[in-house]
Amino acid sequence: MSTATQPIVTRRPQPGPVEPPPAHVAVIMDGNGRWAAARHLPRIAGHREGARAVRRTIEAAISQGVSWLTIYAFSSENWRRPADEVLDLTGLLRQYLRTEIAELKESGIRLRFIGDRCRFDDGIQSDLRDAERDTAQNTRLNLTIALSYGARAEIVAAARAVAVAIQDGLVDPAKLNEETFAGFLATADMPDPDLIIRTSGERRLSNFLLWQAAYAELVFQDVLWPDFAAEHFAAALAEYGRRERRFGARPV
């Protein structure tokens, strides 16, 4: 992730906003490794360049009037990668948290994390808590980072929590519905994504926001994540703007 110290602002003219913009955009950032391999660079170089793309995406979201941005930074399956790559990724996360939080706070961005943070060491867990606390009052953009996240694990954890709530008499199983169940998910206080973007030409969700994506528009782009820029974000929003969202109903 980026270690630059410049404030998060729009630095160049951006493509015109989509009216109305999606309230919540989620992004599956894919292609860091292939970007690095194509340049005969170590994979960590792709991850570092991908972090710069995160910054550009934050700027683009703000410019386009998006209120919620969720990025898939580290999946639960990523722990299976070679130990040296996992170490590089967690080191990059630690560096990001310790260099950019003040800037995010100053820029009006609220930061939160979803996923199994217990798998990170105590230092990173403390940094995550501090980042959430220090930006909790911000309203310019709600930035959610999915770390050690897997949608199936999230749904199973919610089911366990519902079972405990039923056992404790807090939930009537006869009245359990989708809205009640969603309240036990990690995203309970967030709107579902309107648009999910995936880069690198892959066309799957890869265990990302499976419950929340029920009616999301999906846009797949061939660009590798480190090359992702404002124009790609704008193109995805433009495609979203051309979709007719009926949520299962027939047009009147």
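Refer to the structure presented above.
Everything quoted here is computed from the prediction, not taken from an experiment. (Residues numbered from 1 in each chain as written. Predicted model: local features only at pLDDT ≥ 70, side-chain atom pairs only at ≥ 80, totals over all residues. Heavy atoms only, no water.)

**Structural notes on the packing of helix α3 (residues 83-106) against helix α4 (residues 122-134)**
The condition that has to hold: Inter-axis angles, ranging from 0 to 180 degrees, are taken between N-to-C directions of lines fitted to C-alpha atoms, where helices are fitted over the stretch in contact. In DSSP terms, a helix is any run of H or I states spanning at least four residues, a strand is any run of E spanning at least two, and both are numbered starting from the N terminus. For classification, angles of less than 35 degrees are called roughly parallel, those exceeding 145 degrees roughly antiparallel, those between 65 and 115 degrees roughly perpendicular, and all remaining angles oblique. The hand of a helix crossing depends on one turn: near helix anticlockwise from the far one by less than a right angle means left-handed, and clockwise means right-handed. Here a residue-residue contact requires only that any non-hydrogen atoms of the pair lie within 4.5 Å. Just so you know the grouping, Ala, Val, Leu, Ile, Met, Phe, Trp, Tyr, Cys and Pro go in nonpolar, Asp, Glu, Lys and Arg go in charged, and all remaining residues, Gly too, go in polar.
For the pair α3 and α4, the least separation of the axes is 10 Å and the interaxial angle reads 20 degrees. Between α3 and α4, the angle is such that the two are roughly parallel. When you trace α3 past α4, the crossing you get is left-handed. Each of Thr 90, Leu 93, Arg 94, Leu 97, Arg 98, Ile 101 and Lys 105 in α3 lies in contact with α4, whose residues at this interface are Gly 123, Ile 124, Asp 127, Leu 128, Ala 131 and Asp 134. Here the residues of the contact of α3 with α4 sort into six nonpolar, two polar and five charged.

**Things to note about the pattern of salt bridges**
Put simply, the rule reads: A carboxyl oxygen of Asp or Glu within 4 Å of a side-chain nitrogen of Lys or Arg is what we treat as a salt bridge. The classification of residues rests on relative accessible area computed with a 1.4 Å probe and restricted to protein chains. Under 20% of the type maximum is buried, over 50% is exposed, and intermediate values are partly exposed.
By the definition in use, this model includes 19 salt bridges. Between Arg 94 and Asp 121 there is a salt bridge; the shortest N-O distance is 2.8 Å. Of this pair, Arg 94 sits in helix α3 while Asp 121 sits in the loop between β3 (109-114) and α4, and the two are 27 residues apart along the sequence. A salt bridge links Arg 203 to Asp 222, with the shortest nitrogen-to-oxygen separation between them at 3.9 Å. Pair noted here: Arg 203 is in the loop between β5 (195-198) and β6 (217-220) and Asp 222 is in the loop between β6 and α7 (230-242), with a separation of 19 residues, a long-range link. Classification of Arg 203 by relative accessible area gives exposed; the value is 52%. Salt bridges linked by common partners bring Asp 30, Arg 34, Arg 198, Glu 202 and Arg 204 together as one network.

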